[in-house]
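Letter by letter, the chains look like this.
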Amino acid sequence: MNRRELLKAAAVLPLAQTALSHVTFAQGAYPSRNITMIVPFPPGGQADLAARPVAQALEKILGKPVLVDNRAGGGGGSVGNAAAARAEPDGYTLLMTLSSLAVLPEADRLFDRPVAYEVSQFAPVARVLADPTLLAVPASAPWKTLQDFVDDAKKRPGQIPYGSSGPYGTLHVAMEMLAASAGIKLLHVPFRGAAPALTALLSGTVQAVASAPGTLKQQVDDGKMRVLANWGAARIASFPDLPTFQELGYKDVEFYIWAGLFAQSALPAPIMTQLRGAMAQAVKAPEVIRTFETAGSPVAYMDAPEFAKFVADDSARLVAAVKKIGKVE
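Now for a description of the structure that goes with this document. A quick note: this is a predicted structure, and the numbers were derived from the prediction, not measured.

**A look at the overall build of the protein chain**
Here's step 1: Assigned secondary structure in the protein chain consists of eleven helices and eleven strands.
Here's step 2: Overall, the protein chain is about 95 × 45 × 30 Å in size when its C-alpha atoms are taken along their principal axes.
Here's step 3: Relative to its 329 residues, the protein chain shows a buried fraction of 53%.
Here's step 4: In the protein chain, 77% of the contacts between residues at least 6 apart in sequence involve partners at least 24 apart.
Here's step 5: As displayed, the protein chain has an accessible area near 14500 Å², and 56% of this comes from carbon and sulfur atoms.
Here's step 6: Here the protein chain contributes 31 positive and 28 negative side-chain charges, whose respective centroids are spaced 3 Å apart.

Okay, here's the thing in structure tokens:
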């Protein structure tokens, strides 16, 4: 090959590489294999409730299995969150998590522990659920009202045990917010998730739990639990007679437990666009709507841009609450 032919071939090479990359992208169109959706809690909690019907709907939309991986541990979901943060940003490892996502790194810093992950490692895809937390006690408990509960706690500081999904998880922060406002001290008993905490409530191991309506409704309807108050700013349709803490005089007690889908912040834009479109369809699927409404936790969908702002605003409020609570362990 002479010099002129060599230069001509070199000029054509970038075009050939570009064409090849387009062919490769087409051959490897997303998704080409199974997708894992990490839930950083055991089955039965709010994140799991959000994940399973959505995963089934996404399978039909994307044409590949979406496998729910309950990866509990670390308190409040930190193990599963960290695993998703470390995963390849290729769309094959997603995270369905809760509002504690932003709280846990701050708790690590508060206790001078290595930070398991940073919120900046994630990109919000879509919000799925958003419910006020409810205060639940066993049906056999002596407290008929919130005032009964608070009065008893004042007589027995540190003696009424409550369960949570782990230190500085959503359920822990909600209860400590109440304790600070009411001037009471409760006994924190952390579990690996909301479902084990609710099991402990039913068995009598703990006497109170803050949890989402969707995880409580069946137990309340069956007469196994009683709810005393609602952390939201307004009453909710699934428990219309349940007063809010604000109605009962606790003006600064407001807390919501939301569940949303996240990917890694380095996820390629075309895959993010595809996932956003798929989620917009998934939350409209009749079986998804039916499952959530039956649980008393209706769809509260937000697309990525709106969800990102929501996460930032809510996280700032929760982080401030954690710093105010401090080292309560």
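**Observations regarding helix 3 (residues 78-86)**
One full turn of an α-helix is made of 3.6 residues, so residues set three or four places apart face in the same direction.
Here's step 1: Burial of helix 3 is extensive: seven of the nine residues sit out of reach of the surface.
Here's step 2: Residues of helix 3 that are buried: S78, G80, N81, A82, A83, A84 and A85.
Here's step 3: The secondary structure elements touched by the buried residues of helix 3 are strand 1 (35-39), strand 3 (93-98), helix 4 (103-110), strand 4 (122-132) and strand 10 (256-264).

**Section: the pattern of salt bridges**
Here's step 1: Following the criterion strictly, the structure yields 13 salt bridges and no others.
Here's step 2: Among the salt bridges present, the one from R113 reaches D108, with a minimum N-O distance of 3.2 Å.
Here's step 3: Among the residues examined, R113 registers a relative accessible area of 40% and is labelled partly exposed.
Here's step 4: Classification of D108 by relative accessible area gives buried; the value is 10%.
Here's step 5: A salt bridge links R235 to E247, with the nearest nitrogen and oxygen atoms 2.8 Å apart. With R235 in the loop between strand 9 (225-230) and strand 10 and E247 in the loop between strand 9 and strand 10, this pair connects stretches of sequence that are twelve residues apart.
Here's step 6: Sharing partners across several salt bridges, the network here consists of E106, R109 and E118.

**Focus: the nonpolar core**
Here's step 1: If you look at the biggest cluster of nonpolar residues, it comprises 50 residues, and the most contacted ones within it are L135, F149, W231 and F245.
Here's step 2: For this core, the leading source of residues is helix 6 (residues 170-182), giving seven residues.
Here's step 3: Ignoring any residue separated from it by four or fewer positions in sequence, one finds F149 in contact with L135, W143, I160, I184, L186, A208 and L228.
Here's step 4: Listed in part, the 42 residues of the second largest apolar core include M37, L49, A50 and A263.

**A closer look at the packing of helix 2 (residues 46-62) against helix 9 (residues 269-282)**
Here's step 1: The geometry of helix 2 relative to helix 9 is characterised by a closest axis approach of 9 Å and an angle of 120° between their N-to-C directions. Considering the angle they form, helix 2 stands oblique to helix 9. In this structure, the crossing between helix 2 and helix 9 has a hand that is right-handed. Mapping the contact onto sequence places V54, A57, L58, I61 and L62 in helix 2 and Q274, L275, A278, M279, Q281 and A282 in helix 9.
Here's step 2: Taken together, the residues that form the contact of helix 2 with helix 9 break down as nine nonpolar, two polar and no charged.

**Some details on the packing of aromatic side chains**
Here's step 1: Under the defined criterion, the tally for this structure stands at twelve aromatic pairs.
Here's step 2: Here W143 and F149 contribute two aromatic rings whose centre-to-centre distance is 5.0 Å and whose plane-to-plane angle is 85°, an arrangement assigned as edge-to-face. Here the two residues W143 and F149 agree in accessibility, since each one is buried.
Here's step 3: Taken together, a centroid distance of 6.2 Å and an interplanar angle of 85° make the contact between F245 and Y250 edge-to-face. Each member of the pair, F245 as well as Y250, carries the same accessibility label: buried.
Here's step 4: Taken together, the ring pairs connect Y117, F122, W258, F262, F307 and F310 into an aromatic cluster.
Here's step 5: Over the face of the ring belonging to F310 we find R127, whose NZ or CZ atom lies 4.6 Å from the ring centre.
Here's step 6: If you follow K217 out to its NZ or CZ, it ends over the ring of F239, 5.6 Å from the centre.

**Brief notes about the pairing of strand 7 (residues 187-190)**
Here's step 1: In this sheet, strand 7 lies alongside strand 6 (residues 161-164) in parallel orientation, the contact comprising four bridges. If you follow S164 over to strand 7, its bridge partner there is P190.
Here's step 2: What joins strand 6 to strand 7 is helix 6, and the crossover it makes is right-handed.

**Observations concerning the packing of helix 2 against helix 10 (residues 286-294)**
Here's step 1: The geometry of helix 2 relative to helix 10 is characterised by a closest axis approach of 9 Å and an angle of 170° between their N-to-C directions. In this view, helix 2 runs roughly antiparallel relative to helix 10, as classed from their interaxial angle. On the side of helix 2, the interface is formed by L49, A50, P53, V54, A57 and K60, while helix 10 contributes E287, V288, T291 and F292.
Here's step 2: In the contact of helix 2 with helix 10, the residues fall into seven nonpolar, one polar and two charged.

**Describing unusual backbone geometry**
Here's step 1: Cis geometry marks the peptide bond from Y30 to P31; its omega dihedral reads -10°.
Here's step 2: Tracing the chain through its elements places P31 in the loop between helix 1 (3-27) and strand 1.
Here's step 3: Residue D112 is not a glycine yet carries a positive backbone phi of 55°.
Here's step 4: Turning to its location among the elements, D112 is positioned in the loop between helix 4 and strand 4.
Here's step 5: Judged by its relative accessible area of 68%, D112 falls in the exposed class.

Procedures and definitions
- Residues numbered from 1 in each chain as written.
- Predicted model: local features only at pLDDT ≥ 70, side-chain atom pairs only at ≥ 80, totals over all residues.
- Heavy atoms only, no water.
- Helix = DSSP H or I, 4+ residues; strand = E, 2+ residues; numbered from the N terminus.
- Buried < 20%, exposed > 50% of the residue type's maximum accessible area, 1.4 Å probe, protein only.
- Contact = heavy atoms within 4.5 Å.
- Areas by Shrake-Rupley, 256 points an atom, 1.4 Å probe, with all protein chains shown as cover.
- Lys, Arg positive; Asp, Glu negative; His and termini not counted.
- Charge placed at Lys NZ, Arg CZ, Asp CG, Glu CD.
- Salt bridge = Lys/Arg side-chain N within 4 Å of Asp/Glu carboxyl O.
- Core = buried A, V, L, I, M, F, W, Y, C linked by side-chain atoms within 4.5 Å.
- Axes fitted to C-alpha atoms, helices over the stretch in contact; angles between N-to-C directions.
- Parallel < 35°, antiparallel > 145°, perpendicular 65-115°, else oblique.
- Left-handed = near helix turned anticlockwise from the far one by under 90°.
- Nonpolar A, V, L, I, M, F, W, Y, C, P; charged D, E, K, R; others polar.
- Phe/Tyr/Trp six-rings, centres within 6.5 Å; stacked < 30°, edge-to-face > 60°.
- Lys NZ or Arg CZ within 6 Å of the ring centre and 35° of its normal.
- Pairing = 2+ DSSP bridges.
- Right-handed = clockwise from strand over helix to strand, strands pointing away.

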